[in-house]
Amino acid sequence: MINTRDYYINKLAESFRINFENKTSKEIGTGAYFDMTEVINYYGGIIEYNDLYEEKYQLDSYICKIDENGFNFKIIIDNEKAKKLKTTNEDGKTCYGNWNLFIMKLFYEVIINNEKIINMENGEIIFPNPDYVNNAIKHKKEKKKDKNNYKLFGTMNMFDIVPNFVFPVFENQGKYYLQNSDNTTEIDSFYEIVGKKYLNKIKPLTSSFNKMINIKDNYMVNDEPLVAFQISKENYFIGTINVFNDFIKSIQIENEMLSKSILDFQNEVKLAKSLER
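What comes next concerns the included structure.

Reading the values: rules and limits
- Residues numbered from 1 in each chain as written.
- Predicted model: local features only at pLDDT ≥ 70, side-chain atom pairs only at ≥ 80, totals over all residues.
- Heavy atoms only, no water.
- Salt bridge = Lys/Arg side-chain N within 4 Å of Asp/Glu carboxyl O.
- Helix = DSSP H or I, 4+ residues; strand = E, 2+ residues; numbered from the N terminus.
- Buried < 20%, exposed > 50% of the residue type's maximum accessible area, 1.4 Å probe, protein only.
- Phe/Tyr/Trp six-rings, centres within 6.5 Å; stacked < 30°, edge-to-face > 60°.
- Lys NZ or Arg CZ within 6 Å of the ring centre and 35° of its normal.
- Axes fitted to C-alpha atoms, helices over the stretch in contact; angles between N-to-C directions.
- Parallel < 35°, antiparallel > 145°, perpendicular 65-115°, else oblique.
- Contact = heavy atoms within 4.5 Å.
- Nonpolar A, V, L, I, M, F, W, Y, C, P; charged D, E, K, R; others polar.
- 1 Å grid on protein atoms, 1.4 Å probe; cavity = no way out; pocket = protein on both sides within 12 Å on 5 of 7 lines; lining within 4 Å.
- Points joined across faces, edges and corners; volume = space filled by probe spheres on them.
- Core = buried A, V, L, I, M, F, W, Y, C linked by side-chain atoms within 4.5 Å.

1. Structural notes on the pattern of salt bridges
Counted by the stated rule, this structure contains 9 salt bridges. Among the salt bridges present, the one from Asp-60 reaches Lys-81, with a minimum N-O distance of 3.8 Å. Of this pair, Asp-60 sits in the loop between strand S1 (45-50) and strand S2 (61-68) while Lys-81 is found in helix H3 (residues 79-85), placing the two residues 21 residues apart along the sequence. Assessed through its relative accessible area of 22%, Asp-60 is described here as partly exposed. When the shortest N-O distance is used, the salt bridge between Asp-160 and Lys-201 registers 3.1 Å. In this pair, Asp-160 is assigned in the loop between strand S7 (150-156) and strand S8 (164-172) and Lys-201 in the loop between helix H7 (196-199) and strand S11 (202-204), connecting sequence segments 41 residues apart. Here Asp-160 falls in the exposed class, since its relative accessible area comes to 55%. For Lys-201, a relative accessible area of 26% gives the class partly exposed.

Next comes the structure, spelled out in structure tokens:
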């Protein structure tokens, strides 16, 4: 049984194909090796790619009204969706069959909403439901933001030496990370802590036993790195470099090697900051 909607889409696509070929002298043929994006452009549309898809909303495309250089609608398509639809044959040629069917179905939504589009404001969502699209985009942005945020979780003393520098530990989506700061003035990246023997050394923060100064709930790349110093079995200092320099003056360090490590660290920070000027 023929799907009525698909039947009219195919009939409409055929009429647009004939008109396009007559006006541009370009042959579409079966469309297997012709990208119908050109047809979309010819009839006043732009195709743009973005990272749209995520599990909750599964949005792979939407259409909005625009008014730019003669174009009056924009089709935004998920990057991964586009890659899957454009396939390559054994000769290395790109096949557009599934891609063309996908974008022409979206083009059909523009045509049937043509009267509504004329009266729409620039940027308004044409298809699908605007609330659904806006919620999906908002949710995607929030997930991306969460993915880039690392919550200060605790500390890790690799060698169980006290007093000593320890590692501040961050949590992101149930996994634990250490900060990487090659120049000591900003966080370059976060790398995951793997291996049971290392994970077992992580101690969560307990505010009653920790002195935490100038810290935030969440950290990102390019933020100022944290310094963590274990004072005794249950007491830690966690804070920014400048605050650490003030804090360490009040601590009596009897171990010469540790004193030298602290001095070396402070000199390294001074050098890094002088090179930034």
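2. What about the packing of aromatic side chains?
Taken as a whole and assessed by the stated rule, the structure comprises 23 aromatic pairs. Between Tyr-42 and Tyr-43 the ring centres are 5.0 Å apart and the planes differ by 85°, which places this aromatic pair in the edge-to-face class. Residue classification places Tyr-42 among the partly exposed positions, given a relative accessible area of 36%. Taking 6.3 Å as the distance between ring centres and 45° as the angle between the ring planes, the aromatic pair formed by Phe-244 and Phe-247 counts as tilted. Of the two residues, Phe-244 and Phe-247 both sit in helix H8 (residues 241-248), 3 residues apart, roughly one turn of that helix. The burial state of Phe-244 is the same as that of Phe-247; both residues are buried. Aromatic rings pair up to connect Phe-16, Phe-20, Phe-34, Tyr-42, Tyr-43, Phe-73 and Phe-107 into one cluster. It is Lys-86 that lies over the ring of Trp-99; its NZ or CZ is 4.3 Å from the centre.

3. As for the packing of helix H1 (residues 4-24) against helix H4 (residues 97-112)
The contact between H1 and H4 brings their axes to 10 Å, and the two run at 90°. Of the possible angle classes, the one that applies to H1 and H4 is roughly perpendicular. Across the interface between the two elements, Arg-5, Asp-6, Ile-9, Leu-12, Ala-13 and Phe-16 of H1 pack against Met-104, Lys-105, Phe-107, Tyr-108, Glu-109 and Ile-111 of H4. Residues belonging to the contact of H1 with H4 are distributed by class as follows: 8 nonpolar, no polar and 4 charged.

4. Here we look at the layout of surface pockets
There is about 550 Å³ of room inside the largest pocket. Around the largest pocket sit 24 residues that line it, and Phe-165, Val-166, Phe-167, Pro-168 and Phe-265 are the ones nearest its centre. Elements represented by at least two residues in the lining of the largest pocket include exactly S8, strand S9 (175-180), strand S14 (227-230) and helix H9 (256-276). With 5 residues, the single largest contributor to the lining of the largest pocket is S8. Its residues placed into classes, the lining of the largest pocket shows 16 nonpolar, 7 polar and 1 charged. The space that makes up the second largest pocket amounts to roughly 280 Å³. Surrounding the second largest pocket, 15 residues form its lining, Ala-13, Thr-30, Met-36, Asn-100 and Met-104 being those nearest its centre. Here the lining of the second largest pocket is composed, by residue class, of 7 nonpolar, 6 polar and 2 charged.

5. Let's talk about the nonpolar core
Buried together is how nonpolar side chains tend to be arranged in soluble globular proteins. Core analysis: the biggest nonpolar cluster contains 26 residues, and Ile-40, Phe-73, Ile-75, Ile-77, Trp-99 and Ile-103 have the highest contact counts within it. Among the elements of the structure, H1, helix H2 (37-42), strand S3 (71-78), H3 and H4 are those that each provide at least two residues to this core. Aside from chain neighbours lying at most four places away, what touches Ile-77 is Ile-47, Glu-48, Tyr-49, Asn-50, Leu-52, Asp-60, Ser-61, Ala-82, Trp-99, Phe-102, Ile-103 and Leu-106. Of all hydrophobic cores here, the second largest spans 13 residues; its members include Phe-237, Ile-241, Phe-244 and Phe-247.

6. A word on empty space enclosed by the protein
Under the counting rule described, the total for this entry stands at 1 cavity of 30 Å³ or more. Taken as a whole, the largest cavity holds about 40 Å³ of empty space. If you go around the largest cavity, the residues you meet are Ile-9, Leu-12, Ala-13, Phe-16, Met-104, Phe-107, Tyr-108 and Ile-111. Among the elements of the structure, H1 and H4 are those that each provide at least two residues to the lining of the largest cavity. Its residues assigned to classes, the lining of the largest cavity comprises 8 nonpolar, no polar and no charged.

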